[in-house]
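Inside the fold
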Amino acid sequence: MNDYYLFLGKEEGLKNEAVNTVIKKTQKIIPDIQIKKIYANDKKDIAVFINALNEVSLFGEEFLYIVYNTETAGDINLKKIASILKTESDNNRVVIFLSDENRIASTEFDKLFTPDHKKIFYEMFENQKIPFIINEAKKRNLIIDNKASELLLSLIENTTNELRNALDEIRNNMDLSKDRQINKDVILSTLSHSKEENGFTIAYHIARKNKAELLMAVQHFLSESNYILQPLFSSLLFSLLRAESVLINREQGITGERAFTIKSSDGSETTIRSPFEKTAINAFISNYKRKDISRMIKQILETEYLVREYDSTLSETLLTKMFLSLF
């Protein structure tokens, strides 16, 4: 039995489910199969793995290999792996290759996998997150509405793993004999803010005109960044300038996906593909006019100048004033 899988993408929760499904299916066929983890970014690890693939076991040992960070193995090693696995027929071996990327550059390696053994696990689109939370809550015999779901999304990383873990933690801390409704108080008394905030996530809160979540995100960013603010200003300006460019495209009659292809100052074109960024841009365009976005850019530049000029103790005050004036 030789079976090879390639699971790609950043959505770790669904990817882990796929890995566990393969493991369980394999264990039903080969109960004693041994599971070995290989880290392709470790040169020694990948060399041991390639040597193991070349060897024929004298004792009929059967292995399920899970290879992490596959893209870091390098083209030469990936070609070697593909060549070995392509010609292999006698060993009982299952290999699951994992990568956070959406593709592996090696064409020869990519051809190794049949369509049903290769899958990209994309991050959830924004409009999928609340239905996912509501559905997962139902599985736990809990009730959560849209508003509470939005609060949950603002506190933790928006991956299936993190959201499921958060709902499990909430369920374990609820008195289910009294109530099964997840509300704001239940969430805040159970979870801390563990979501990594940056200029891009903060820009998303601005785009949605969500003042409460924005201020919470800013406070978390400040506590985590030790008041190093340059990356914040750079990311905010980048997000706003891209939103402005898409808005200009639409004003010029460019619609649909073509509107997300923007020109740089040097004349080169860039296509915005990130679902998160596209959602943020659409929110900016829905909630603000072009003059509003231009005003925001000016305010951010002015605040950045003030933060540089004055004592760092004033940074939080200046930032709070800036964010409140953006709406």
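All of the points below concern the structure found in this document. (Residues numbered from 1 in each chain as written. Predicted model: local features only at pLDDT ≥ 70, side-chain atom pairs only at ≥ 80, totals over all residues. Heavy atoms only, no water.)

Digging into the side chain of E197
- Summarising the element assignment, E197 is placed in the loop between α8 (184–190) and α9 (199–207).
- Looking at E197, its side chain comes within polar contact range of the side chain of T201, at 2.6 Å.
- Contact partners of E197, with chain neighbours within four places excluded, come to S154, H205, A217, H220 and F221. (Helix = DSSP H or I, 4+ residues; strand = E, 2+ residues; numbered from the N terminus. Polar contact = N/O pair within 3.5 Å; in protein donor to acceptor, adjacent residues only side chain to side chain. Contact = heavy atoms within 4.5 Å.)

What about helix α5 (residues 126–139)?
- For α5, built from 14 residues, the straight-helix expectation of 20 Å at 1.5 Å per residue is met to within 8% by its first-to-last C-alpha distance of 21 Å.
- Of all the residues in α5, the buried ones are E126, K129, I130, F132, I133, E136 and A137. Buried positions in α5, seen along its axis, are confined to an arc of 160° and lie on one side of it. For α5, the exposed residues lying more than 90 degrees away from the buried face are N127, K138 and K139.
- Among the structural elements, β6 (143–144), α6 (146–155), α7 (160–173), α9 and α12 (275–287) are those in contact with the buried residues of α5.
- Trailing α5 by a residue or two, N141 shows a phi angle of about 60°, which is positive. (Expected span 1.5 Å × (residues − 1). Buried < 20%, exposed > 50% of the residue type's maximum accessible area, 1.4 Å probe, protein only. Arc of directions from axis to C-beta.)

So, unusual backbone geometry
- In this model, N141 sits at a positive phi of 60°, which is unusual for a non-glycine residue.
- Tracing the backbone through its elements, the reader meets N141 in the loop between α5 and β6.
- The residue K209 is not glycine, and still its phi comes out positive at about 60°.
- Checked against the element boundaries, K209 lands in the loop between α9 and α10 (211–225).

So, the nonpolar core
- Ranked by size, the top nonpolar core spans 38 residues in total, and within it I202, I206, L236, F284 and F323 carry the most contacts.
- At the level of secondary structure, the elements contributing two or more residues to this core comprise α9, α10, α11 (230–251), α12, α13 (290–309) and α14 (315–326).
- In this structure, F323 is in contact with I202, I206, L214, V218 and L236, ignoring residues within four places of it in sequence. (Core = buried A, V, L, I, M, F, W, Y, C linked by side-chain atoms within 4.5 Å.)

Some details on the side chain of T201
- Along the chain, T201 turns up in helix α9.
- Not counting the four nearest positions on each side in its chain, T201 is found in contact with E196 and F276.

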